[in-house]
Every structure is written in structure tokens, then in C-alpha cells.
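# Observations on the three-dimensional arrangement
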Amino acid sequence: MTVFHLDDFLAGWIGGASSVIVGHPLDTVKTRLQAGKGYKNTFHCVVTIYKKENVAGFFKGLSFPLASITLYNSMVFGFFSNTQRLISKYRYGDGRHPGSMLDLTVASMLTGLVSVGVGAPVDLVKIRLQLQTQPVLAENFNLAGNGSVPLRSMGIQSQSLYRGPVHCISTVLQNEGIQGLYRGAGAMILRDVPGYTLYFVPYTLFCNLLNPDGNSTPHPCCIWLAGGLAGSISWVTATPADVLKSRLQADTLQHRKYKGILHCITQSYKTEGIHVFFRGATVNAIRGFPMCATLFLGYELSLQFFRSF
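First, a word on scope: everything that follows refers to the structure included in this document. All figures in this text were calculated on a predicted structure; none of them were measured in a lab. (Residues numbered from 1 in each chain as written. Predicted model: local features only at pLDDT ≥ 70, side-chain atom pairs only at ≥ 80, totals over all residues. Heavy atoms only, no water.)

With that out of the way, let us pick up the nonpolar core. By size, the foremost hydrophobic cluster in this structure holds 41 residues, and its most contacted members are Tyr 72, Val 76, Phe 77, Tyr 199, Phe 200, Tyr 203 and Phe 296. Elements with a contribution of two residues or more to this core: helix H1 (7-35), helix H3 (63-92), helix H4 (101-130), helix H5 (165-176), helix H7 (185-210), helix H8 (220-237) and helix H11 (281-306). (Core = buried A, V, L, I, M, F, W, Y, C linked by side-chain atoms within 4.5 Å. Buried < 20%, exposed > 50% of the residue type's maximum accessible area, 1.4 Å probe, protein only. Helix = DSSP H or I, 4+ residues; strand = E, 2+ residues; numbered from the N terminus.)

So, about helix H2 (residues 42-53). The end-to-end C-alpha separation of H2 is 16 Å, in line with the 16 Å expected for 12 residues at 1.5 Å each. Taken together, the buried positions of H2 are Cys 45, Thr 48, Ile 49 and Glu 53. Looking straight down H2, one finds that the buried residues subtend no more than 100° of arc, so they occupy a single side. Within H2, the exposed residues directed more than 90 degrees away from the buried face are Phe 43 and Lys 51. For H2, the secondary structure elements touched by its buried residues are H1. At the N-terminal end of H2, a side-chain oxygen is found 3.2 Å from the backbone nitrogen of Phe 43, two or three residues along, and the residue is Asn 41. Where H2 terminates, the next one or two residues include Asn 54, which has phi positive at roughly 65°. (Expected span 1.5 Å × (residues − 1). Arc of directions from axis to C-beta. Contact = heavy atoms within 4.5 Å. Polar contact = N/O pair within 3.5 Å; in protein donor to acceptor, adjacent residues only side chain to side chain.)

To continue, consider the packing of aromatic side chains. For the structure on display, the rule yields 12 aromatic pairs. An angle of 70° between the planes, with centres 5.7 Å apart, marks the rings of Tyr 196 and Tyr 199 as edge-to-face. A residue pair is termed a helical-turn pair when its members lie 3 or 4 positions apart in one helix, as Tyr 196 and Tyr 199 do in helix H7 at three residues. Here the two residues Tyr 196 and Tyr 199 agree in accessibility, since each one is buried. Arranged with centres 5.2 Å apart and planes meeting at 65°, the rings of Tyr 199 and Phe 200 form a pair that is edge-to-face. (Phe/Tyr/Trp six-rings, centres within 6.5 Å; stacked < 30°, edge-to-face > 60°.)

As a further point, take a nonpolar patch on the surface. A cluster of nonpolar side chains, contributed by Leu 209, Leu 210, Trp 224, Leu 225 and Leu 229, occupies part of the molecular surface with about 430 Å² of accessible area. Broken down by secondary-structure element, the contributors of at least two residues to the nonpolar patch are H7 and H8. A relative accessible area of 39% means that Trp 224 is categorised as partly exposed. (Patch = residues over 30% accessible without salt bridge, like charges linked within 9 Å, V, L, I, M, F, W, Y side chains within 5 Å. Areas by Shrake-Rupley, 256 points an atom, 1.4 Å probe, with all protein chains shown as cover. Salt bridge = Lys/Arg side-chain N within 4 Å of Asp/Glu carboxyl O.)

Okay, structure coming up:
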């Protein structure tokens, strides 16, 4: 029996597509809270977006995540499942042998590490597009030789900076090179290595708890609940690293504020206090449940469908 299964990638793609549609509105709120300016709290952010941009504001930049994050989730679930089978094949001589908690943890951590290769550029473009309506972050701006003009109260927008995802990618490559697309990748590793461990491990534990009869396929309600709980746990615990990642990726070359991860940590702490690292935690908890519940349910049901033939 072959260790590598293509159906895991296909099922991950389907689950990823459904989760993007469910989670994108709150993902926009989370990004604005973490990297934007002028929002007091989650509720104020939601109301402000709705007042200024209507419902469409919550779906800003949806086309790119729908195309890219679906492929990203396909890679994540495909890599994780095939790595699990590879570990079982190596340790027990059978890829179908149930792995231990250590096997599950190793597969999760490797998935988090590898995922950054695809996820960092995807997240950077998504965040830059989501922040299109945010005010210019520079304290001052030089206009036509008229000196330094304060713009914080002028509401000058950066909406014309990127015309779309392709233009965003080409602009970043032109101005910052390939390393520009991977800005914030270090913070993403800090987020995703432990994040995916606290994603797949709780999901497996909850599925086993809700489905004591390990020989039967978990009921869709069990999958949905286990996926949602695992998602909330993973996203809440990953919030501090997620804040750093969002700020570094939103930091454009023209208005650069942070030199790196440590500089971002110290500057954020000095200016906004310790609570800044938990900004968006509420949104992450709320958003994590339906998004990840939909993701795991779509993945598991698709996998069952593919393997029924």
C-alpha cells in the first residue's frame, strides 16, 4: 500500500475553500485591529468598517485568499496526513498504524514549519490588500517640496497603492525583492509551529473523546465541534505571534517602522503596552471556531467521499 495519498490534498482544498468564505469577514477585522489604526476594540472596528465601507468592506481582498489559501490548506492537510503515514511506516512498518501522541506532535510541528514557505507570501499579500483603506502609517509626509506636512488628521488613503493581488506581488518584488514577500516569516514560524501542534493534537483528542468507538467514522457533528474547539484554542494561543506577523507584513518599505521581530516586540510594547500582543484575541477565538469547524468538516467529508469509490 502506498504511503502517499493525493486525496488528502484534494480534501484539504475543498475544506480550505469553505473555511475562507466563513472566516474572511472576521479575518479582516482581526487584521485591522492588529495592524491598523484608530480602532478602540472589536465592536468599534466592526461598526467602523460597516459605516465607512458597508458589508463589502468585510470581504475586501477575498478573491486572493479564496484562490491561494485554498491551495495553502490543501498543502497543509496533504502534508500533515502523508507525514503521519510516513512516520507510522518508518516506526511501525505500516502507514495505517495509529500514531502515538509524539508522532502526531512531530507531524504537526513539521507541517507548521513547511507551511510558512507557502503561507508567508499569501498572508503578506492578503494583509496588504485588507489594509488598503488604512491611513498612511508615516507620521509625516513630504509633499512637493512644501516641507513636512502632518497627515494623521487628513485621512489620506493608501487605496491606490495596490490594484489587486498580482499588482501587489509585482510591486513588492520590484521594491523589496523576493525577501519582501517573506517579511514576517520568522514571526510566522513562531506562530505556526506551536500553532499547528495546538491545532491537530486537540482536534484528534476531541474526536477521540466525542467518538469513543474508534472503529467507526466520527459523526459530522463530532467533527464540526472538535474542529471548532481546536481552532479556537490554536488561534487564541497564537495571537501574540500573529500580532507580530501582521505588523511586520503590513510594514511597507516606504513607511518602515520595524527592523525585525525583536524591534517590533520592543516598539509595540513601549508604545502600546503588554495588551497589544493580545489584540484580536477575541476575534481569533470567535472566528477560529466556525472557520476551523467548517475546514475540518469539509476535509473529513470530502475524504470520506473520495475513499468511498
